[in-house]
Amino acid sequence: MTTKPRRILHILPVAVPPAALEAFVAQLPSQIIDPDVQIEFTAPARGARNMIDSAYERTVSDAAVLAAGAGAADKGFHAVVVNSMSDSGISGLRSRLDIPVVGACQASMALASCLGNRIGVVTMWPRWHTLYTAAAAAAGLTHRLVTVRDIGTRPDAEELLPDRYTVFPKLLDTCRQAVEHDGSDVLILGSTTMHPAHTYLARHLDVPLINPGVAAHQLAQQLLRAGLTHSRRSYPAPQRPDDDLLAAFASG
């Protein structure tokens, strides 16, 4: 008897070209994908054009992700992952959907809290710092997020860290500062766009380093295996969903 596959939708909150979308797909090695799981990535054409570096773009990204994911269950998906440390739209999607909705930042913070007492985030530039402090506060982990450090380099979703000879050593030096000077005993990469650096960095560090896109996907699979989803006491369903409005946003 053939088991029906469980489908997980990964949503990016920013508009990216097809080549960059394929690079995001590559962050999930086949060995971490359950045999009965199928994954699909999507990036809303009308998502934020930049790297979610302001409150304005965070709001646009929330709307874009909600538009992209509101119909996920009707399309046969069994879980949704917001593949970004912005966790764009996850509260709205949890309100709209009965299937599990996982955000990369929340998943990474939760996992980090199981691996160490003092959490550090290493990221690309200062404008992203508020993403991590907000996620830590939402998870009740503010007191355990001891540092957020960046390399002062504006990210580019289309490139995904191509200059490894420059960027990777900078990231490694910053990771070591977070450990040696700030006392972090577990680190999180500050963006799913940074996944190309994970293997290099983890090989040179003596503390766990969490790859957020992988952490989010694995949590989604765990929830599916356990038959769990979010609490309706925390995320009440809308009394009158207006998906037509979302469709209009998505189509422009």
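No experiment lies behind these values; they were computed from the predicted model shown. (Residues numbered from 1 in each chain as written. Predicted model: local features only at pLDDT ≥ 70, side-chain atom pairs only at ≥ 80, totals over all residues. Heavy atoms only, no water.)

Enquirer: Help me understand the sheet that holds strand 8 (residues 209-210) in this model?
Expert: Reading across the sheet, the four strands line up as 6-5-7-8 and stay open at both edges, with parallel pairing between neighbours. The open sheet has two free edges, formed respectively by strand 6 (145-150) and strand 8, since each of these has just one partner strand. Docked against the sheet, helix 5 (residues 129-138) engages strand 5 (119-123) and strand 6, running at close to 165 degrees with respect to strand 6. (Pairing = 2+ DSSP bridges. Helix = DSSP H or I, 4+ residues; strand = E, 2+ residues; numbered from the N terminus. Contact = heavy atoms within 4.5 Å. Axes fitted to C-alpha atoms, helices over the stretch in contact; angles between N-to-C directions.)

Enquirer: Can you help me understand the packing of helix 4 (residues 104-115) against helix 8 (residues 212-226) in this one?
Expert: Each pair of packed helices gets described by two things: the angle between the helix axes and the distance between those axes. Relative orientation of the contacting elements helix 4 and helix 8 amounts to 85 degrees, with a least axis distance of 8 Å. Taken together, the axes of helix 4 and helix 8 lie roughly perpendicular to each other. Across the interface between the two elements, Ala104, Ala107, Ser108 and Leu111 from helix 4 touch Pro212, Ala215, Ala216 and Leu219 from helix 8. In terms of residue class, the contact of helix 4 with helix 8 is built from seven nonpolar, one polar and no charged. (Parallel < 35°, antiparallel > 145°, perpendicular 65-115°, else oblique. Nonpolar A, V, L, I, M, F, W, Y, C, P; charged D, E, K, R; others polar.)

Enquirer: Just checking my understanding: could you explain the sheet that holds strand 1 (residues 6-11) for this structure?
Expert: Pairing between the strands of a sheet comes from backbone hydrogen bonds, and it takes one of two forms, parallel or antiparallel. Taken together, the four strands give an open sheet; going across it, the order is 2-1-3-4, and neighbouring strands pair in parallel fashion. The sheet terminates laterally at strand 2 (37-42) and strand 4 (101-103), the two strands that pair on one side only. Averaged over all pairs of adjacent strands, the angle between strand axes in this sheet comes to 20 degrees, irrespective of strand direction. Sheet contacts for helix 4: strand 3 (79-82) and strand 4; angle to strand 4, the most-contacted strand, approximately 75 degrees.

Enquirer: Is there a simple way to explain helix 4 in this structure?
Expert: An α-helix turns once per 3.6 residues; consequently, residues spaced three or four apart project the same way. Counted at 1.5 Å a residue, the expected span for helix 4 with its twelve residues is 16 Å, and the 16 Å between its end C-alpha atoms agrees. Of all the residues in helix 4, the buried ones are Ala104, Cys105, Ala107, Ser108, Met109 and Ala112. (Expected span 1.5 Å × (residues − 1). Buried < 20%, exposed > 50% of the residue type's maximum accessible area, 1.4 Å probe, protein only.)

Enquirer: What should I look at first to understand the pairing of strand 1 in this one?
Expert: For a regular strand, side chains alternate in direction, first toward one face of the sheet and then toward the other. Strand 1 sits mainly inside the fold: five of its six residues count as buried. As paired strands, strand 1 and strand 3 are joined by four bridges and run parallel to one another. The partner of His10 across the bridge, within strand 3, is Val81.

Enquirer: Where do I start with the packing of aromatic side chains in this structure?
Expert: Any pair of aromatic rings gets described here by the distance separating the centres and the angle formed by the planes. The full count for this structure, using the stated rule, is one aromatic pair. Taking 5.4 Å as the distance between ring centres and 40 degrees as the angle between the ring planes, the aromatic pair formed by Phe168 and Tyr200 counts as tilted. Here the residue Phe168 occupies a position in helix 6 (residues 164-180), and Tyr200 occupies one in helix 7 (residues 198-204), the gap between them amounting to 32 residues. Overall, the relative accessible area of 3% leaves Phe168 in the buried class. (Phe/Tyr/Trp six-rings, centres within 6.5 Å; stacked < 30°, edge-to-face > 60°.)

Enquirer: What's the story with the environment of Leu245 in this structure? I'm lost.
Expert: Here Leu245 is to be found in helix 9 (residues 243-251). Given a relative accessible area of 55%, Leu245 falls into the exposed group. Separated by 178 residues in sequence, Leu245 and Ala67 have C-alpha atoms that sit 8.6 Å apart.

Enquirer: Honestly, the nonpolar core in this entry has me stumped. Any pointers?
Expert: A general feature of soluble globular proteins is that nonpolar side chains tend to end up buried together. Residues Met109, Tyr132, Leu145, Leu171, Leu187, Ile188 and Leu201 are the most contacted members of the largest nonpolar core, which totals 48 residues. Here this core gets seven residues from one element, more than from any other, and that element is helix 6. Among all residues touching Tyr132, those that are not within four sequence positions of it are Met85, Cys105, Met109, Val121, Thr123, Leu145, Val148 and Gly190. With twelve residues, the next largest nonpolar core counts Leu9, Ala72, Leu93 and Leu97 among its residues. (Core = buried A, V, L, I, M, F, W, Y, C linked by side-chain atoms within 4.5 Å.)

Enquirer: Looking at this structure, how should I read the pattern of salt bridges?
Expert: Once their charged atoms are close, side chains differing in charge can pair, the charge on each being opposite to the other. Scanning the entire structure with this criterion turns up seven salt bridges. The salt bridge partner of Asp36 is Arg6, with a shortest N-O separation of 3.0 Å. In this pair, Asp36 is assigned in the loop between helix 1 (18-25) and strand 2 and Arg6 in strand 1, connecting sequence segments 30 residues apart. Arg6 sits in the buried class, given a relative accessible area of 19%. Between Asp182 and Arg149 there is a salt bridge whose closest N-O contact spans 2.5 Å. Here Asp182, found in the loop between helix 6 and strand 7 (186-189), pairs with Arg149, found in strand 6; they are 33 residues apart in sequence, far enough to count as distant. (Salt bridge = Lys/Arg side-chain N within 4 Å of Asp/Glu carboxyl O.)

Just geometry here; none of it tells us what the structure is for.
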